[in-house]
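Chain by chain, the residues run as shown.
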Amino acid sequence: MILLFLSDNKLYTIDANKNVSSVESKFANDSIQKAIEIEKKKEWKTTGTGAKFMGVSPWSEEGTNPSLYNISMRGMCSTKDSGKILYTLEGNNFGGLFSYDLKEKREQRLIHGADFSAKDLNMNQTTGEVICSVGYPNGSANLSLIHNELTAIQEITEGDSIDEMPSWIPGEQKKVVYQSAGIGRNKEGMFWGLSPSVIEMLDMDTGTIETILQDKKKDFLLPRRNLQGDLFCIRRPWEDASRGASPFVVLKDILFFPFRLLRALFHYLNFFSLMYSHKGLTSERAGGAKVQGPDMKTVMIKGRMIDLQKQQAKAKKNAPTGSIVPNDWELVKVSSGGEISVLAKGVVSFDLSENGEIVYTNGREIFLLEEQGKKKNWDRHSLIEDIAIVEN
């Protein structure tokens, strides 16, 4: 078994012997190099007397715009072909679907376009079709099907909702399960909040959608089904972003507003200092050694902003596993009879193998969940955002 995992928008593989390798995208590297060459041709505008004449400042001491490196991997999955994977890339002005041969380390571009934006890939191991989530500028996301030898994409769900993390149901050629949250908007049409994420099942033959798991106070994420009909997913408390604050909270927010504004301004300036000069404004950073980009203090995990420093402090005190998310992010199993059992706590992502093995991560460590609830530590990494199994 080989595992794929995403870390800081980069893709890695790890085998049973704990050998870790990065998946290098030639297309992404070539795009970055081409953008840098174009930037160097315009260097007179951002450095020296040319910058003064144009009224702009250099991006960094090297004069390179950091946004040129903003190419990230947004989705990944295994394929029917042994040792081959799929992933999507997304940059400032393009998106694309790519296949990669892990043995030959060869990349192939399948779909490419300025408007292509897909993530949460999952391939049907029988038909070869890929289900994914596609985001739109208004904040919604719907499921799409990539077929015709992975060259054409077709939207298959619609509505003002966020449909994500689809997966094919084993033994069913046209059925998928996925998570879905309705979007709430105010009278001006602006985003107001999300409903709890529910698990739905889509039958593409009939076009019917059935809600199979929901709770008014819980989010259910990342659904997977096994051959026995059991459902696995992550369960966490739902946060009502639209709920009005109490009078006490409002008064506290008013009193602390000036201090929070100053702190936000400082962090804003510190961020740009780190990005453009690679030196921070704090005493331990200013004038000190350069750092490679800004410090990782917060990260967006499954639609939730996580403060890594605070969570790490809590984990050291309450949970020896050191999860980057709270313990109430639970990996649960819902039997075909509807019984729910908790398999692990503090879970960021997981996947199922064809023979029913479960691999999960708490964001720092990777575990193989064995029978009778025993877990085997596979590896550690600085930050793991998603994980997937490659059958080989």
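Since we're looking at a predicted model, the values are computed, not measured. (Residues numbered from 1 in each chain as written. Predicted model: local features only at pLDDT ≥ 70, side-chain atom pairs only at ≥ 80, totals over all residues. Heavy atoms only, no water.)

**Side note on the overall build of the chain**
No. 1: When you go through the chain residue by residue, the secondary structure sums to four helices and 27 strands.
No. 2: For the chain, the proportion of its 392 residues judged to be buried stands at 43%.
No. 3: Relative to all contacts within the chain whose residues are 6 or more apart in sequence, the contacts with residues 24 or more apart total 41%.
No. 4: Of the roughly 21,800 Å² that the chain leaves accessible, carbon and sulfur atoms contribute 51%. (Helix = DSSP H or I, 4+ residues; strand = E, 2+ residues; numbered from the N terminus. Buried < 20%, exposed > 50% of the residue type's maximum accessible area, 1.4 Å probe, protein only. Contact = heavy atoms within 4.5 Å. Areas by Shrake-Rupley, 256 points an atom, 1.4 Å probe, with all protein chains shown as cover.)

**Some thoughts on unusual backbone geometry**
No. 1: Not every positive phi belongs to a glycine, and D120 is a case in point at roughly 55°.
No. 2: In this fold, D120 is placed in strand 8 (residues 118-123).

**Digging into the sheet that holds strand 1 (residues 2-7)**
No. 1: A sheet is described by the order of its strands in space; here four strands give the open sequence 3-2-1-27, paired in antiparallel fashion. Each edge of the sheet is formed by a strand with only one pairing partner; in this case those strands are strand 3 (20-22) and strand 27 (386-390). This sheet shows a mean twist of 25° between the axes of neighbouring strands, independent of strand direction.
No. 2: In this structure, strand 1 lies alongside strand 2 (residues 10-14), joined through five bridges in antiparallel fashion. When the bridges of strand 2 are listed, S7 appears paired with K10. (Pairing = 2+ DSSP bridges. Axes fitted to C-alpha atoms, helices over the stretch in contact; angles between N-to-C directions.)

**Comments concerning the environment of M73**
No. 1: In this fold, M73 is placed in strand 4 (residues 72-78).
No. 2: What M73 contacts, discounting residues up to four positions off in sequence, is L6, N9, K10, L11, V23, S25, Y87, T88 and L89.

**Digging into the pairing of strand 20 (residues 304-307)**
No. 1: The two faces of strand 20 differ: R304 and I306 on one face are buried, but M305 and D307 on the other face are not.
No. 2: Both strand 19 (residues 298-301) and strand 20 contribute to a ladder of four bridges, which runs antiparallel. Opposite M300, over in strand 20, you have M305 as the bridge partner.
No. 3: The loop that links strand 19 with its antiparallel partner strand 20 comprises two residues; one of these, K302, has a positive phi angle of about 50°.

**Quick look at the nonpolar core**
No. 1: The biggest cluster of nonpolar side chains holds 21 residues, and the ones touching the most others in it are L4, L11, V23, M73, I85, Y87 and L89.
No. 2: Among the secondary structure elements, those contributing two or more residues to this core are strand 1, helix 1 (26-41), strand 4, strand 5 (84-90), strand 6 (95-101) and strand 27.
No. 3: Here this core takes four residues from helix 1, the largest share from any one element.
No. 4: If near-sequence neighbours (up to four positions away) are discounted, L4 is found in contact with L11, Y12, T13, M76, C77, I85, D386, I387, A388 and V390.
No. 5: In this structure, F232, F350, Y360 and L369 belong to the second largest nonpolar core, which totals 14 residues. (Core = buried A, V, L, I, M, F, W, Y, C linked by side-chain atoms within 4.5 Å.)

**Considerations on the packing of aromatic side chains**
No. 1: Tallied over the full model, the rule gives six aromatic pairs.
No. 2: Taking 5.4 Å as the distance between ring centres and 70° as the angle between the ring planes, the aromatic pair formed by F27 and F94 counts as edge-to-face. Here F94 lies in the loop between strand 5 and strand 6 and F27 lies in helix 1, a separation of 67 residues in the sequence. Of the two residues, F27 and F94, neither departs from the other in class, the shared state being buried.
No. 3: Feature note: the residues F27, Y87, F94, F98 and Y100 constitute an aromatic cluster, connected by ring pairs.
No. 4: One residue, R236, lies across the ring of W329, its end atom 4.6 Å from the ring centre.
No. 5: Across the ring face of F367, the terminal group of K375 is positioned such that the distance to the ring centre comes to 4.6 Å. (Phe/Tyr/Trp six-rings, centres within 6.5 Å; stacked < 30°, edge-to-face > 60°. Lys NZ or Arg CZ within 6 Å of the ring centre and 35° of its normal.)

**Some details on the sheet that holds strand 17 (residues 218-225)**
Within a beta sheet, neighbouring strands are joined by backbone hydrogen bonds and run either parallel or antiparallel to one another.
No. 1: On the basis of which strands lie adjacent, the open sheet formed by four strands has the order 17-18-21-22 and antiparallel pairing. The sheet terminates laterally at strand 17 and strand 22 (340-345), the two strands that pair on one side only. Direction aside, the axes of adjacent strands within the sheet are offset by 30° on average.
No. 2: Judged from the five bridges that link them, strand 18 (residues 231-237) and strand 21 (residues 330-334) form a sheet pairing that is antiparallel.

**A word on helix 1**
No. 1: With 16 residues, helix 1 extends 23 Å from end C-alpha to end C-alpha; this agrees with the ideal 22 Å at 1.5 Å per step.
No. 2: Within helix 1, the full set of buried residues consists of F27, A28, I32, A35, I36 and E39.
No. 3: Looking at the packing, one finds that the buried side of helix 1 touches strand 5, strand 6 and strand 7 (106-113). (Expected span 1.5 Å × (residues − 1).)

**Details of the environment of E357**
No. 1: Mapped onto the fold, E357 is located in the loop between strand 23 (349-352) and strand 24 (358-361).
No. 2: Considered as a pair, E357 and E370 are 13 residues apart in the sequence and their alpha carbons are 7.1 Å apart.
No. 3: Aside from chain neighbours lying at most four places away, what touches E357 is M1, D351, L352, L368 and I389.

**A look at the pairing of strand 14 (residues 191-194)**
No. 1: Pairing geometry for strand 13 (residues 175-185) and strand 14, over three bridges, is antiparallel. By the bridge assignment for strand 14, I183 is matched with L194.
No. 2: Taking the residues that link successive antiparallel strands as the turn, the strand 13-strand 14 hairpin has five residues, and the phi of G189 there is positive, at about 90°.

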